[in-house]
Amino acid sequence: MAILGKIRQRSFILIVIIALALFSFVLADVIQSGGFSQSATNVGTINGTDVSYEEFNLKVNNVEKQGAQQGMTTIQAMNQVWNQEINLALLNDELAKLGIRISESHLVEALKADQTIGRSPMFANEMGQFDINKYREYFKSSSNPQEKEELERIERNANVSAKYQIYSTLLKSGFYTTVNDAKFKYNLENDKVSFDYVVVPFSSINDSEVTVSDKEIIDFMKKNEKKYKSEETREIEFVTINDNATESDKADIKTRLEGLLNAKIVFNNETNQNDTLPGFRATKSIVEFVNANSDFPYDSTFVSKSDLPAEYAEQIFNLADGEVFGPYEYGNYYALSRSMGRKSGAKARASHILISYEGTPVQTKEIRNKEQAKTKAEEILAKVTASPSEFAMVAMVESEDTQSGQRGGDLDFFNPGQMVKPFNDFVFNNSVGKIGLVESEFGFHIINITDRQDAIQLATIAQKIEASEKTTDGAYTNAMKFEQLANEKPFADAANEFKLAVSPTVKSKALDEAMGELGNQRQIVRWAFEKGTDLNDVKRFEIPKVGHVIARLKKINKEGLLPIEEARIQVEPIIKNNKKAELIKAKMTGTTLDAIAKAGAVTVQKAENVSLENPIIPNSGSEPAVVGVAFSTDASKVSELVQGNTGVYAVKTIQVSKGLPTQDYTVQLTALKAQNGTALKRVFPALKEKAKIKDNRTKFNY
């Protein structure tokens, strides 16, 4: 959570981050359970090691809860955990093979890196630094089984993390760049070749002149199985019948709100007389009136013009006290708003620079205690007080609230009570332009009050625009009728009869959840893969905020090579070009470029100063194979015909010029070292490719 968010909540929130520096593959264990309903022993096997269903499920639930605010779904959590389980298993295998061990100091450093342990005041010495002895004492004295289990788990992960640091160091040491490597790269960049060439492009032969059979495509894929391997998939099409509010429904809601404006007469059963009840314009019991008639309770917050619906902001903001505006449409609601008064300077805008210290819930840019933080904050206060124009730049460099720091410390407008109390009191008790220093649980804030804004208080009745019962019933009836018809005749014919558009086909894997324009709809994908679902089956689904979706299982693609129709898009152009190349070569006869050009009905062209590092040929684009031939062909000789990316070439080398001699390969060394710096990221994909992994997740109900 951003520091700004913490300040606005006015409370200390300790976020337990159970993760160590293992990129993204060491996943925290969890305490709570839930999830899958099917009982089984494991969800997969990685190099002979089973992944326990119970433990896997616990982890999925934990990750899903941690990602709930970001909208993480069960499938996303499951995929994340599965990938982490694979990486962790592969890492442990590598650590065991290499016999990597760690010392106590390695473990201490790993524990210090853990936010829960390393930054806890409970385990800190007098200097505010992590003390392993205090940690050990607490560990031994803990009588809470869950807490003890959690600490043990953290230490296990810290152990793996420390070993990984050694492992990654060993790997990085294996990726090095020599001067000879840099020299080779220099030659690739600076050695140049000039040549004449003839190219007969593939486009010179019409596609209709060469055909590619299904067998040729299959044979091609078999030679490149890894590239063209396909998981089992299902192809699904669907139609949607919405149950959105009609114009008639909207008109009814608007009329209902208009009826709240004025007084109405109701019969009082206790007095046997008619009572006149005041409407929204005249009622004095405003809070009770709003709460009785609105989908949202009364809110006394003062709001600025910028907080109001842009279309009606001017009218609403300038309402006289007690005046009512509406009904007006705002998002998915119709609303009535009554002015409750205006307040000058009700909202404030400020910038701040936060200087924290060890023990606060904020990541500091440097290690410092409270006294050191205060000293630094006072120095910054003096600087920005003397030169307020420098406030934004200082905030960008020094503030430990990195979110607002990127904006020069700006916190935008906020209401009283949104900030922690010392911050709030300073801002709302001083005038615009005032710069000062306050302390909170987050550290020391150097604050600059930058603006004030008038605000109004509104009593608003909002009622959601939604389909009436009549509309909803009608949509349900239509969906049922369509489902029945689609089971009796072709899906497209049924859609035409109901004047419905059939969606583009969605191709899904067993663990997918996306359904094209519908977004994540896991239940539809799950249905398509169920044992009882057959080809051409049709089923209706009720989806909130969408309506009724009637889906058809259009095609089943078994595991293996890509389906022919899909593979043809990728493979057919390659095979066609290969066939065209043979036809072109047959007519490119001659011993000179002129003769070859005449035979191919083209002209001789020139390429000058082309390098292997950048093998761009004029009018053709990148042709590394052709440039390579030019470098290797003796001057004044015509090369053998060579198939390039765009056609068939014949080359006559004019000159090969070497790069200027140099002993300075700094640029090349830097570039190669940068490439090697990313090599570590390729280790785990390589290990995964060689690993024996069995994924049983599709056997579970989720």
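Summary of the structure given here.

### With respect to the overall build of the protein
Piece 1. A tally of helices and strands in the protein yields 24 helices and 23 strands.
Piece 2. Radius of gyration (C-alpha) of the protein: 36 Å, far over the 27 Å computed for a compact globule of 702 residues.
Piece 3. Along the longest, intermediate and shortest principal axes, the C-alpha atoms of the protein span 115 × 80 × 60 Å.
Piece 4. Each of the 702 residues in the protein was classed as buried or not, and the buried ones make up 41%.
Piece 5. Taking the contacts inside the protein whose residues are at least 6 apart along the sequence as the reference set, 68% of them involve residues at least 24 apart.
Piece 6. If you sum the accessible surface of the protein, you get close to 38,300 Å²; carbon and sulfur atoms cover 49% of it.

### Some thoughts on the side chain of E94
Piece 1. For E94, the location among the structural elements is in helix 3 (residues 74-98).
Piece 2. Here Y167 takes part through its side chain, which lies 3.5 Å from a polar atom of the side chain of E94.
Piece 3. Ignoring any residue separated from it by four or fewer positions in sequence, one finds E94 in contact with Y167 and L687.

### Some words on the nonpolar core
Piece 1. Core analysis: the biggest nonpolar cluster contains 19 residues, and V43, I46, F56 and W82 have the highest contact counts within it.
Piece 2. Of all the elements in the fold, those that place two or more residues in this core are strand 1 (42-46), helix 2 (53-66) and helix 3.
Piece 3. Counting residues per element, this core draws most heavily on helix 3, which supplies eight residues.
Piece 4. In this structure, A510, I524, A528 and V546 belong to the second largest nonpolar core, which totals 17 residues.

### Topic: the layout of surface pockets
Piece 1. Within this model, the largest pocket holds a volume of roughly 1,500 Å³.
Piece 2. Contributing to the lining of the largest pocket are 33 residues, with E231, L511, E559, D695 and T698 lying nearest its centre.
Piece 3. For the lining of the largest pocket, the secondary structure elements donating two or more residues are helix 3, strand 4 (229-230), helix 19 (522-529), helix 24 (683-690) and strand 23 (693-695).
Piece 4. Per-class residue counts for the lining of the largest pocket are ten nonpolar, six polar and 17 charged.

### Looking at the environment of V324
Piece 1. Its place among the elements puts V324 in strand 9 (residues 324-330).
Piece 2. The sequence separation of V324 and R281 amounts to 43 residues, and the corresponding C-alpha distance is 6.4 Å.
Piece 3. Beyond its immediate stretch of four places on either side in the chain, V324 contacts L261, F280, R281, L319, S337 and R338.

### Digging into the sheet that holds strand 16 (residues 547-557)
Piece 1. Reading across from one edge, 14-5-16-15 is the order of the four strands in this open sheet, with antiparallel pairing throughout. Sheet topology places strand 14 (506-509) and strand 15 (538-543) at the edges, where each strand pairs with a single neighbour. In this sheet, neighbouring strand axes are inclined to one another by 40 degrees on average, regardless of whether the strands run parallel or antiparallel.
Piece 2. Bridge count between strand 5 (residues 233-241) and strand 16: nine bridges; the pairing is antiparallel. Looking at strand 16, one finds that E235 is bridged to K555.
Piece 3. In the packing of helix 19 onto the sheet, the strands contacted are strand 5, strand 14, strand 15 and strand 16, and the crossing angle to strand 15 comes to about 160 degrees.

### Focus on the pairing of strand 1
Looking along a regular strand, one sees side chains alternate from face to face of the sheet.
Piece 1. Most of strand 1 sits out of view: five of its five residues are buried.
Piece 2. A loop of two residues connects strand 1 with strand 2 (residues 49-52), the two strands running antiparallel in sequence, and N47 in this loop sits at a positive phi of about 50 degrees.

### Focus: the packing of helix 13 (residues 370-386) against helix 14 (residues 391-398)
Piece 1. For the pair helix 13 and helix 14, interaxial distance at closest approach is 10 Å and the crossing angle is 155 degrees. With respect to helix 14, the element helix 13 is oriented roughly antiparallel. Considering only the axes of helix 13 and helix 14, their crossing is right-handed. For the pair formed by helix 13 and helix 14, the contact residues are K376, I380, K383 and V384 on the first element and F391, V394 and E398 on the second.

### Section: the pairing of strand 5
Piece 1. Burial runs high along strand 5: eight of the nine residues are buried.
Piece 2. Bridge analysis of strand 5 against strand 14 gives four bridges, and the strand direction is antiparallel. By the bridge assignment for strand 14, I236 is matched with V506.

### A few points about the pattern of salt bridges
Piece 1. Counted under the stated rule, the structure contains 33 salt bridges.
Piece 2. A salt bridge links K376 to E398, with the shortest nitrogen-to-oxygen separation between them at 2.9 Å. Of this pair, K376 sits in helix 13 while E398 sits in helix 14; the two residues are 22 residues apart in sequence, bridging distant segments of the chain.
Piece 3. On the basis of relative accessible area, E398 is assigned to the partly exposed category, the value being 25%.
Piece 4. One salt bridge connects D425 with K421, and the closest N-O pair in it is separated by 2.6 Å. Within this pair, D425 and its partner K421 are both found in helix 16 (residues 421-428), separated by four residues, close to a single helical turn.
Piece 5. Among the charged side chains, a salt-bridge network with shared partners connects E366, R368, K376, E398 and E400.

### As for the packing of aromatic side chains
Piece 1. Going through the model one piece at a time under the given rule, you end up with 18 aromatic pairs.
Piece 2. One aromatic cluster in this structure is built from F195, Y197 and Y649.
Piece 3. The positively charged end of R342 is found above the aromatic ring belonging to F317, 4.5 Å away from the centroid.
Piece 4. Residue placement shows K343 over the ring face of F302; its charged tip is 5.4 Å from the ring centre.

### Section: helix 6 (residues 132-141)
Piece 1. Looking only at helix 6, the buried set comprises I132, Y135 and F139. Seen along its axis, helix 6 keeps its buried residues to an arc of 60 degrees; they face one direction. Within helix 6, the exposed residues directed more than 90 degrees away from the buried face are N133, E137, K140 and S141.
Piece 2. In the core, the buried residues of helix 6 are packed alongside helix 4 (104-113), helix 5 (115-118) and helix 7 (145-174).
Piece 3. Where helix 6 begins, one side-chain oxygen reaches toward the backbone nitrogen of N133, 2.9 Å away; that side chain belongs to D131.

### Some details on the side chain of K59
Piece 1. Structurally, K59 can be placed in helix 2.
Piece 2. For K59, the side chain forms a polar contact with the side chain of E85, separated by 2.7 Å.

### Observations regarding the environment of E441
Piece 1. The residue E441 is located in the loop between strand 12 (435-440) and strand 13 (443-464) in this model.
Piece 2. Through-space distance from the C-alpha of E441 to that of H548 is 51 Å; in sequence the pair is 107 residues apart.

### A few points about the sheet that holds strand 18 (residues 605-610)
Piece 1. One open sheet holds the four strands; their spatial order is 18-3-22-21, and the pairing between them is antiparallel. Sheet topology places strand 18 and strand 21 (642-643) at the edges, where each strand pairs with a single neighbour.
Piece 2. Across four bridges, strand 3 (residues 192-201) lies against strand 18 in antiparallel orientation. Bridge pairing in strand 18 places F195 opposite A607.

### Overview of unusual backbone geometry
Piece 1. With an omega of 5 degrees, the peptide bond between G326 and P327 qualifies as cis.
Piece 2. For A601, which is not a glycine, the phi torsion comes out positive at approximately 60 degrees.
Piece 3. Among the structural elements, A601 can be located in the loop between helix 21 (593-599) and strand 18.
Piece 4. Phi is positive for N609, which is not a glycine, with a value near 55 degrees.
Piece 5. Mapping N609 onto the fold places it in strand 18.

Thresholds, definitions, all that
Each chain has its residues counted from 1, running along the sequence as written. Reporting of local features is limited, given that this is a predicted model, to residues whose pLDDT is at least 70; pairs of side-chain atoms are given and counted only at 80 or more, and all residues count toward the totals for whole chains, interfaces and linings. Note: side-chain values were computed over all heavy atoms of the structure, leaving out hydrogens and water. Strands here are runs of E lasting at least two residues and helices are runs of H or I lasting at least four, both read from the DSSP assignment and numbered beginning at the N terminus. Here the radius of gyration uses the C-alpha set of atoms, whereas the globule reference equals 2.2 Å times the residue count to the power 0.38. Accessibility here uses a 1.4 Å probe with only protein chains present; expressed as a share of the type maximum, an area under 20% marks a residue as buried, one over 50% as exposed, and anything in between as partly exposed. Every residue pair with non-hydrogen atoms within 4.5 Å of one another is taken to be in contact. Working definition of accessibility: Shrake-Rupley area with a 1.4 Å probe, residue cover restricted to the visible protein chains. N or O atoms closer than or at 3.5 Å make up a polar contact, with two conditions inside protein: a donor-capable atom paired with an acceptor-capable one, and, for residues adjacent in sequence, both atoms drawn from side chains. Nonpolar cores were defined as sets of buried Ala, Val, Leu, Ile, Met, Phe, Trp, Tyr and Cys residues, with membership established by side-chain atoms within 4.5 Å. Only protein atoms enter the 1 Å grid used here, on which a cavity is any set of points holding a 1.4 Å probe that cannot leave and a pocket is any open set flanked by protein within 12 Å on both sides along at least five of seven lines; residues with an atom within 4 Å of a point are listed as lining. Grid points are joined across faces, edges and corners, and a volume is the space filled by probe spheres set on the points. Ten residue types, Ala, Val, Leu, Ile, Met, Phe, Trp, Tyr, Cys and Pro, are classed as nonpolar, four, Asp, Glu, Lys and Arg, as charged, and the remainder, Gly among them, as polar. Being paired, for any two strands, means DSSP has found at least two bridges between them. Under this scheme, a helix contributes an axis fitted over its contacting stretch, all axes are lines through C-alpha atoms, and angles between N-to-C directions fall in the 0 to 180 degree range. Roughly parallel here means an angle under 35 degrees, roughly antiparallel means over 145, roughly perpendicular means 65 to 115, and every remaining angle is called oblique. Working rule for handedness: look at the near helix, and if it is turned counterclockwise from the far one by less than a right angle, call the crossing left-handed; if clockwise, right-handed. Every case where a carboxyl oxygen of Asp or Glu lies within 4 Å of a side-chain nitrogen of Lys or Arg is listed as a salt bridge. The rule is short: rings of Phe, Tyr and Trp, with Trp giving its six-membered ring, pair when the centres are within 6.5 Å, and they are stacked under 30 degrees, edge-to-face over 60, tilted in between. Our definition puts a charge over a ring when NZ of Lys or CZ of Arg is within 6 Å of the ring centre and also within 35 degrees of the ring normal. Our arc is simply the arc of the directions from the helix axis toward the C-beta atoms.

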